[in-house]
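One-letter residues, chain by chain:
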Amino acid sequence: MKKNIQVTIDEHSGFCFGVINTIKRAETLLAQTRKLYCLGDIVHNNEEVQRLTDMGLVIITKEEFRQLHDTTVLIRAHGEPPETYRIAQERNIQLVDGTCPVVLALQKNIKNSFEAPDFKEGQILIFGKKGHAEVVGLAGQTNNKGIVISSIKDIELIDFQKPAKLYSQTTQNHDEYLALIDEIGKRYREAGHEDFFTHYDTICHSVVNRAKQLTHFASLFDKIIFVSGEQSSNGLYLFKLCKQANPHSYFLTHLEDLQVVPINDHDTIGICGATSTPMWLMEQVKQQLLDPLK
Ligand code: SF4
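Cut-offs applied
Residues numbered from 1 in each chain as written. Predicted model: local features only at pLDDT ≥ 70, side-chain atom pairs only at ≥ 80, totals over all residues. Heavy atoms only, no water. Near = heavy atom within 4 Å. Helix = DSSP H or I, 4+ residues; strand = E, 2+ residues; numbered from the N terminus. Nonpolar A, V, L, I, M, F, W, Y, C, P; charged D, E, K, R; others polar. Salt bridge = Lys/Arg side-chain N within 4 Å of Asp/Glu carboxyl O. Buried < 20%, exposed > 50% of the residue type's maximum accessible area, 1.4 Å probe, protein only. Contact = heavy atoms within 4.5 Å. Pairing = 2+ DSSP bridges. Axes fitted to C-alpha atoms, helices over the stretch in contact; angles between N-to-C directions. Core = buried A, V, L, I, M, F, W, Y, C linked by side-chain atoms within 4.5 Å. Parallel < 35°, antiparallel > 145°, perpendicular 65-115°, else oblique. Arc of directions from axis to C-beta.

Q: Help me get a handle on the site of the ligand, residues and values and all.
A: Inspection of the region around the ligand gives C16, F17, G18, C100, V102, V103, T170, T171, C204, S206 and V207 as its neighbouring residues. Breaking the shell around the ligand down by element, the ones donating at least two residues are α1 (17–33), α5 (101–115) and α8 (205–218). Taken together, the residues of the shell around the ligand break down into seven nonpolar, four polar and no charged.

Put into structure tokens, the structure is as follows:
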């Protein structure tokens, strides 16, 4: 056992308010019914999904959702496209809408832009990860006519002779978004249509604030253990920031992964995580570090 290590959990890590709200709704309903369907993983963290499935949550795919009828289904914080609401109506499925208010507002803004009579020739651009649940929900507001931009090379899909409005998935990398805005703006200027391009600041403040704060936190310790599901967009982004601020940062998904983290006597260790990382899991990591025999 390593001696005299100091372990500190970042007090700002843990679920964001959007995820907290959805999980609370699931827990409340499960306490009453003992069984509840949820469309897709409720949160991008397998440990937390397991905790809730043990309570009776049943994770279903879109295909399984299409087969259900006369039941209740929870929509997670990422939100869903309009098609999901249509299917629910047709099949008498009651939706418990756990869409985060920040995502809901973004969906509405995209829909309004897409349907605006003076934007018929325009293009909706969505900076996000292709196939990510939130992006599917956002693109659905445009009948899937919006252009999803995952990296700078995707800007070749834009027609610079037509107007465009750019939005970002809420959990995207802020610096990459600013670089994208610069590049698209430049291409519109070169095309002589500078005024055709509008962009909106739609990255969630929970993520932006955590990014700033984590960079500072990561610099305070010998080692950083970043706890997150591998599928979490903001987890991968925030870990990248930790690694930049502290090269001795380690990505941990399961408690067993701790075995590969080299711990020395007298190390100071900071534990932090994504907006989808439960605090209880970070507490377990701390306990395991302090008392590995438990
Ligand atoms: S990261 Fe922001 S937008 Fe996403 S669920 Fe959390 S609060 Fe909502």
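Q: So, the pattern of salt bridges: which residues are in play, and what are the values?
A: In this structure the tally under the stated criterion is 12 salt bridges. Of the charged contacts in the structure, one is a salt bridge between E80 and K62, with a shortest N-O distance of 3.5 Å. In this pair, E80 is assigned in the loop between β4 (71–75) and α4 (82–90) and K62 in helix α3 (residues 62–67), connecting sequence segments 18 residues apart. A residue is classified by how much of its surface remains accessible, and K62, at 24% relative accessible area, is partly exposed. In this structure, the salt-bridge partner of K130 is D154, at a minimum N-O distance of 3.1 Å. One end of the pair, K130, is in the loop between β6 (123–127) and α6 (133–140); the other, D154, is in the loop between β7 (147–149) and β8 (164–168), with 24 residues separating them in the sequence.

Q: Hey, could you go over the side chain of H193 for me, with residue numbers and the actual values?
A: One can find H193 in the loop between α7 (174–190) and β9 (197–199). With residues up to four places along the chain from it excluded, the contact list for H193 reads F160, Q161 and Y188.

Q: For the sheet that holds β4, give the residues involved together with the corresponding values.
A: Taking strand neighbours across the sheet as the criterion, the four strands line up as β3-β2-β4-β5 in an open arrangement whose pairing is parallel. The two strands at the open ends of the sheet, each matched to only one other strand, are β3 (57–60) and β5 (93–97). Along the sheet, successive strands turn relative to each other by an average axial angle of 35°, direction set aside. Pairing of β4 with β5, which is carried by five bridges, proceeds in the parallel orientation. Bridging across to β5, T72 finds its partner in Q94.

Q: Explain the nonpolar core to me, using residue names and the numbers behind them.
A: It is characteristic of soluble globular proteins that their nonpolar side chains tend to be buried jointly. One finds L125, I149, I158, L166, L180 and I184 to be the most contacted residues of the largest nonpolar core, which totals 17 residues. Elements with a minimum of two residues in this core: β6, β7, β8 and α7. In terms of residues, this core owes the most to one element, α7, which gives five residues. The residues touching I158, leaving out its near neighbours within four places in the chain, are Q123, L125, I147, I149, I184 and Y188. In this structure, L214, F221, C242 and A274 belong to the second largest nonpolar core, which totals 16 residues.

Q: For the sheet that holds strand β1 (residues 6–9), give the residues involved together with the corresponding values.
A: As summarised here, the arrangement of the four strands in space is β1-β12-β10-β11, forming an open sheet in which the pairing is parallel. Looking at the sheet topology across the chains shown, the edges are occupied by β1 and β11 (249–252). Taken over all neighbouring pairs, the strand axes of this sheet differ in orientation by 20° on average, direction set aside. Across four bridges, strand β10 (residues 223–227) lies against β11 in parallel orientation. Following the sheet pairing, I225 is matched in β11 by Y250. In this fold helix α9 (residues 233–245) packs onto β10, β11 and β12 (268–273), with an angle of close to 160° to the strand it touches most, β11.

Q: Describe unusual backbone geometry, with residues and values.
A: Of note in this structure, R34 is not a glycine but carries a positive phi near 70°. Mapping R34 onto the fold places it in the loop between α1 and β2 (36–39). The exposure class of R34 is exposed, given its relative accessible area of 61%. Unusually for a residue other than glycine, N144 sits at a positive phi of about 60°.

Q: Please set out the packing of α5 against α6 residue by residue, giving values where relevant.
A: It is the contact of α5 with α6, at a shortest axis distance of 8 Å, that shows an interaxial angle of 30°. In terms of orientation, α5 and α6 fall into the roughly parallel class. Contact with α5, carried on its side by V103, L106, Q107 and I110, involves E134, G137 and L138 of α6 and no other residues of that element. Looking at side-chain class alone, the contact of α5 with α6 contains four nonpolar, two polar and one charged residues.

Q: Talk me through α4; I want residue IDs and the actual numbers.
A: Because each turn of an α-helix spans 3.6 residues, side chains separated by three or four positions end up pointing in the same direction. Along α4, the positions that sit buried rather than exposed are T84, I87 and A88. Down the axis of α4, the buried side of the element spans an arc of 100°, and every buried residue falls inside it. In α4, the exposed residues that point more than 90 degrees away from the buried face are Q89 and E90. In this structure, the buried residues of α4 make contact with β2, α3, β4 and β5.

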